[in-house]
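Remarks on the overall topology
The lines below spell out each chain.
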Amino acid sequence: MSCQELLKKYSQQWQVATLHPFLNECKLGIIKPEQFNTWLVQDYLFVVEFTRMVGRILTYAPTSHFDLILSGLNALQNELNWFKDKATERQLDLNTKKQPTCKEYCNFMNKLTEMPYPIQATALWEIELAYNQGWQLPGKMSPPYNEFANRWGNPEFTNYVKLLEAQANEVLEDVSKTVQNQAETTFLNVARLEKDFWQMAYNATN
Ligand code: HMH
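Residues numbered from 1 in each chain as written. Predicted model: local features only at pLDDT ≥ 70, side-chain atom pairs only at ≥ 80, totals over all residues. Heavy atoms only, no water.

**Structural notes on the site of the ligand**
In the vicinity of the ligand, the contacting residues are D43, F46, V47, Y105, I127, E128, Y131, W152, E194 and F197. Within the side chain of E128, one N or O atom sits 2.6 Å away from an oxygen atom of the ligand. Within the side chain of E194, an N or O atom sits 2.6 Å from a nitrogen atom of the ligand. In the complex, 99% of the free accessible area of the ligand, which totals 290 Å², lies under the protein chains. Among the secondary structure elements, those contributing two or more residues to the shell around the ligand are α4 (33-57), α7 (117-134) and α10 (177-202). (Near = heavy atom within 4 Å. Polar contact = N/O pair within 3.5 Å; in protein donor to acceptor, adjacent residues only side chain to side chain. Areas by Shrake-Rupley, 256 points an atom, 1.4 Å probe, with all protein chains shown as cover. Helix = DSSP H or I, 4+ residues; strand = E, 2+ residues; numbered from the N terminus.)

Structure below.
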């Protein structure tokens, strides 16, 4: 089993996870401030928990995977500070409650590190790919959204995601049928949570 096989088998679900009116309306410049700001604050809260998860993954990863995971954590240090700057510019309070969908995604990430390492590596790749593709699919964005599109769409990040895929493939190669099924279920869960996360922000009215 490989990452590309998962994307191919579940291409429908993957499309729904990465193509959303939220992103299209950023591209068109017509997203409402309350929708965008809700995404920004909730995604900061998500990234805090994502960072903890990546830290925990080091516990299970072979040392040959350390370089890439540590480079990811390095980028997350920068990203968390960038989120704080963006929130300050927009006068947003990051000390906000998680919405149910954000909470569900964070709970999912908490439990991910109870699963075999191949599942963790696959989910890490998929979560990053979702934003790498999602922010690029609508096409070139204009200010202020180009900065957001570029954060996850830039060539360096694209390369990072490719290397995450290679690491996941390496450990997915000879997993048991049980772990393979777990990988498929986890893939579908991430796809669903990504779709729900966009919808959560899109639904915001204040
Ligand atoms: C919801 N998924 C969500 N937020 C993010 N920042 C990422 C993925 C990062 O790739």
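Okay, back to it.
**Thoughts on the side chain of T51**
By secondary structure assignment, the location of T51 is in helix α4. Beyond its immediate stretch of four places on either side in the chain, T51 contacts L73, L76 and L80. (Contact = heavy atoms within 4.5 Å.)

**Describing the packing of aromatic side chains**
Tallied over the full model, the rule gives 32 aromatic pairs. Ring geometry for F22 against W39: centres 6.4 Å apart, planes inclined by 50°, an arrangement best described as tilted. Of this pair, F22 sits in helix α3 (residues 21-27) while W39 is found in helix α4, placing the two residues 17 residues apart along the sequence. Each member of the pair, F22 together with W39, is buried. For the ring pair F83 and W152, a centre distance of 6.3 Å and an interplane angle of 50° mean the geometry is tilted. (Phe/Tyr/Trp six-rings, centres within 6.5 Å; stacked < 30°, edge-to-face > 60°. Buried < 20%, exposed > 50% of the residue type's maximum accessible area, 1.4 Å probe, protein only.)

**Remarks on the pattern of salt bridges**
Pairing of side chains with opposite charge becomes possible as their charged atoms draw close. For the structure on display, the rule yields eight salt bridges. Residues E79 and R151 are paired through a salt bridge, measuring 3.6 Å at the closest nitrogen-oxygen approach. Of this pair, E79 sits in helix α5 (residues 66-89) while R151 is found in helix α8 (residues 145-153), placing the two residues 72 residues apart along the sequence. One exposure class covers both E79 and R151, and it is buried. (Salt bridge = Lys/Arg side-chain N within 4 Å of Asp/Glu carboxyl O.)

**Observations regarding unusual backbone geometry**
In this chain, P143 is followed by P144 through a cis amide linkage whose omega measures 0°. Mapped onto the fold, P144 is located in the loop between α7 and α8. In this structure, Q91 is a non-glycine residue whose phi angle is positive, near 55°. One can find Q91 in the loop between α5 and α6 (100-112).

**A short note on empty space enclosed by the protein**
Summed over the entire model, instances satisfying the criterion amount to one cavity of 30 Å³ or more. In this structure, the largest cavity occupies an estimated 40 Å³ of space. Where the lining of the largest cavity is concerned, the elements lending two or more residues are α7 and α9 (155-172). Tallied by class, the residues present in the lining of the largest cavity amount to seven nonpolar, one polar and no charged. (1 Å grid on protein atoms, 1.4 Å probe; cavity = no way out; pocket = protein on both sides within 12 Å on 5 of 7 lines; lining within 4 Å. Points joined across faces, edges and corners; volume = space filled by probe spheres on them. Nonpolar A, V, L, I, M, F, W, Y, C, P; charged D, E, K, R; others polar.)

**Section: the layout of surface pockets**
Within this model, the largest pocket holds a volume of roughly 470 Å³. Together, 25 residues line the largest pocket, and A75, E79, R151, F157 and Y160 are the ones closest to its centre. For the lining of the largest pocket, the secondary structure elements donating two or more residues are α4, α5, α7, α8, α9 and α10. Considered class by class, the residues forming the lining of the largest pocket number 14 nonpolar, five polar and six charged.

**Observations regarding the nonpolar core**
Ranked by size, the top nonpolar core spans 73 residues in total, and within it W39 and W135 carry the most contacts. Per-element tally for this core: the top contributor is α4, with twelve residues. With residues up to four places along the chain from it excluded, the contact list for W39 reads F22, F83, Y131, W135, F148, W152, F197, W198 and A201. (Core = buried A, V, L, I, M, F, W, Y, C linked by side-chain atoms within 4.5 Å.)

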